[in-house]
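Coordinate inspection notes
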Amino acid sequence: MLKLSPQADIAFCYAPGKVILVGEHAVVYGAQAIAMPIDVGIRVAISHLEKPLLVEGPVIRGVGPLFMGDVTVSRSSAGPGILKSALSYLVDAFGEPLKNLVMVVDGTLPPGRGLGSSASLSVALIRGIFRYFSWPLDDNTLKKHALALETIFHGSPSGIDHTVIIGERVIGFKRQSNEALVWPIKLKSPLKFVIGIVGPHDGTKNAVKELAERKKRHKEVYEGVFQGLNEIAKEMELALIDGHQASVGELMNISQGYLNALSLSTPEIEKLCAIARERGALGAKLTGAGGGGAVIALVDGNGADLQNAFKAAGYQCLMTEVFDERWRLDHSRGGLDG
Ligand code: MEV
């Protein structure tokens, strides 16, 4: 295996964001979901703090669009306390070697928009630490640490976010008695999405907790909706395999109806879905936790018209495309085979 040069004293790692095509929330209750990686993500550079030390390490330092000041175990200048807990986990897990490490976090993935920023950050950090020390990292170890960090960020995550981010391809995902069933979905044709960004949501943890409260009041009704979403996921999987994009879009629209029924939509999300459909998108829905975040619209052209329409309405947007099998970077070895 190729060793990182000890003279370099820096390691770079990357993890993409994700979108859920169907099954967010329902997946927490055992329904099937489908997710895919997107073309924006989080980069992490790991190095040693320059001397004289201004702060005691290890430090997570958010820069650029992910600016959050310096987060250390003993203090958090700007970042939310949750990052401090994540850092404490890393210190407990890896101990002394982490002392005086600085983990600089940058990227193009907007946080709090249902695009998997916490899972992307978790995966990039773990990969970065292992790479910095030239420790071998297998997928199971990566998944174990990523799930632990996601649990700090989200409470009780289904695990779909970090699983798709690690796998870097379209997956089917289902939780069954605490086991995650994960399988690849082979696309017949590439999928192109315009992602419209609305305001940040109130946190996945809160969204999942509040839905659980609503479910207590209408248990059978909620279970019926989850069953409906499970059927959509099964049909969508076949449509993806057969390359029936119109059908995928139609199923996204139905799924948005269910998500609205679960009180996860907002007027802004409905507005962006309406703009997308008026502009000929095959389907549009919210993605992730809901209550804000982002709308994904499946397009069959280049998506330029829809991007302009979102911008004209005052919303930022991103484009993303997914192929049958993305080129999977070998992050543990930095893509180079020694
Ligand atoms: C968040 O991206 C997806 C949710 O279903 C939560 C989870 O699955 O852990 C809302």
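Reading the values: the criteria
- Residues numbered from 1 in each chain as written.
- Predicted model: local features only at pLDDT ≥ 70, side-chain atom pairs only at ≥ 80, totals over all residues.
- Heavy atoms only, no water.
- Helix = DSSP H or I, 4+ residues; strand = E, 2+ residues; numbered from the N terminus.
- Buried < 20%, exposed > 50% of the residue type's maximum accessible area, 1.4 Å probe, protein only.
- Contact = heavy atoms within 4.5 Å.
- Core = buried A, V, L, I, M, F, W, Y, C linked by side-chain atoms within 4.5 Å.
- Near = heavy atom within 4 Å.
- Polar contact = N/O pair within 3.5 Å; in protein donor to acceptor, adjacent residues only side chain to side chain.
- Areas by Shrake-Rupley, 256 points an atom, 1.4 Å probe, with all protein chains shown as cover.
- Pairing = 2+ DSSP bridges.
- Axes fitted to C-alpha atoms, helices over the stretch in contact; angles between N-to-C directions.
- Phe/Tyr/Trp six-rings, centres within 6.5 Å; stacked < 30°, edge-to-face > 60°.

With respect to the helices and strands, the residue Ser-120 is situated in helix H2 (residues 117-132). Take Ser-120: its relative accessible area is 0%, and that puts it in the buried class. Among all residues touching Ser-120, those that are not within four sequence positions of it are Ala-15, Pro-16, Gly-17, Gly-41, Ile-42, Leu-109 and Ile-165.

Turning next to the nonpolar core. Among the nonpolar cores identified, the biggest contains 99 residues, and Leu-21, Leu-90, Met-103 and Leu-306 are the most heavily contacted of them. In contact with Met-103, other than residues within four places in its own chain, are Val-44, Ala-45, Ile-46, Pro-58, Val-59, Ile-60, Arg-61, Leu-87, Leu-90, Leu-98, Leu-125 and Ile-129.

Bringing the site of the ligand into the picture now. In the vicinity of the ligand, the contacting residues are Lys-18, Ile-20, Glu-24, His-25, Val-27, Val-28, Pro-157, Ser-158, Ile-160, Asp-161, Thr-204 and Gly-288. Separating an oxygen atom of the ligand from a side-chain N or O atom of Lys-18 is a distance of 3.0 Å. A distance of 2.6 Å is found between an oxygen atom of the ligand and a side-chain nitrogen or oxygen belonging to Ser-158. Protein chains bury 98% of the 300 Å² of accessible surface belonging to the ligand in isolation.

Moving on, we come to the sheet that holds strand S9 (residues 283-286). By definition, the strands of a sheet pair up through backbone hydrogen bonds, in either a parallel or an antiparallel sense. Reading across the sheet, the 4 strands line up as S9-S10-S8-S11 and stay open at both edges, with antiparallel pairing between neighbours. One side of each edge strand has no neighbouring strand; the edge strands of this open sheet are S9 and strand S11 (317-322). Along the sheet, successive strands turn relative to each other by an average axial angle of 20°, direction set aside. With 4 bridges joining them, S9 and strand S10 (residues 294-299) adopt antiparallel strand pairing. Bridge pairing in S10 links Gly-283 to Leu-298. Here helix H8 (residues 267-278) sits on the sheet in contact with strand S8 (191-197), S9 and S10, set at roughly 170° to S9.

As a further point, take helix H4 (residues 160-167). Since the α-helix packs 3.6 residues into each turn, any two residues three or four apart lie on the same face. With 7 of its 8 residues buried, H4 lies for the most part within the structure. Along H4, the residues classified as buried are Ile-160, Asp-161, His-162, Thr-163, Val-164, Ile-165 and Ile-166. The inward-facing, buried residues of H4 abut strand S1 (10-22), strand S2 (33-48), H2, helix H3 (139-154), strand S6 (171-176) and strand S7 (179-184). Phi for Glu-168, located one or two positions after H4, is positive at around 55°.

Tallying each qualifying case throughout the model produces 7 aromatic pairs. Summarising the aromatic geometry, the rings of Phe-94 and Phe-130 are spaced 5.5 Å apart at their centres and angled 90° between planes, so their arrangement reads as edge-to-face. Taken together, the residues span a long stretch of sequence, with Phe-94 in helix H1 (residues 81-94) and Phe-130 in helix H2 at a distance of 36 residues. This pair shows no difference in class: Phe-94 is buried, exactly as Phe-130 is. Seen from their ring centres, Phe-94 and Trp-135 are 5.8 Å apart, and the 35° between their planes marks the pair as tilted. Here Phe-94 is found in helix H1, whereas its partner Trp-135 is found in the loop between H2 and H3, with 41 residues between them in sequence. Taking relative accessible area as the criterion, Phe-94 reaches 12% and is therefore assigned buried. Through a chain of ring-to-ring contacts, three or more aromatic side chains come together here, namely Phe-94, Phe-130, Tyr-132, Phe-133 and Trp-135.

A word on the side chain of Gln-256. Inspection of the secondary structure assignment puts Gln-256 in helix H7 (residues 245-261). There is a polar contact of 3.1 Å between the side chain of Gln-256 and the side chain of Ser-265. Residues contacting Gln-256, with those up to four places away along its chain left out, are Ser-265, Ile-269, Glu-270, Cys-273, Arg-277, Ala-284, Lys-285 and Leu-286.

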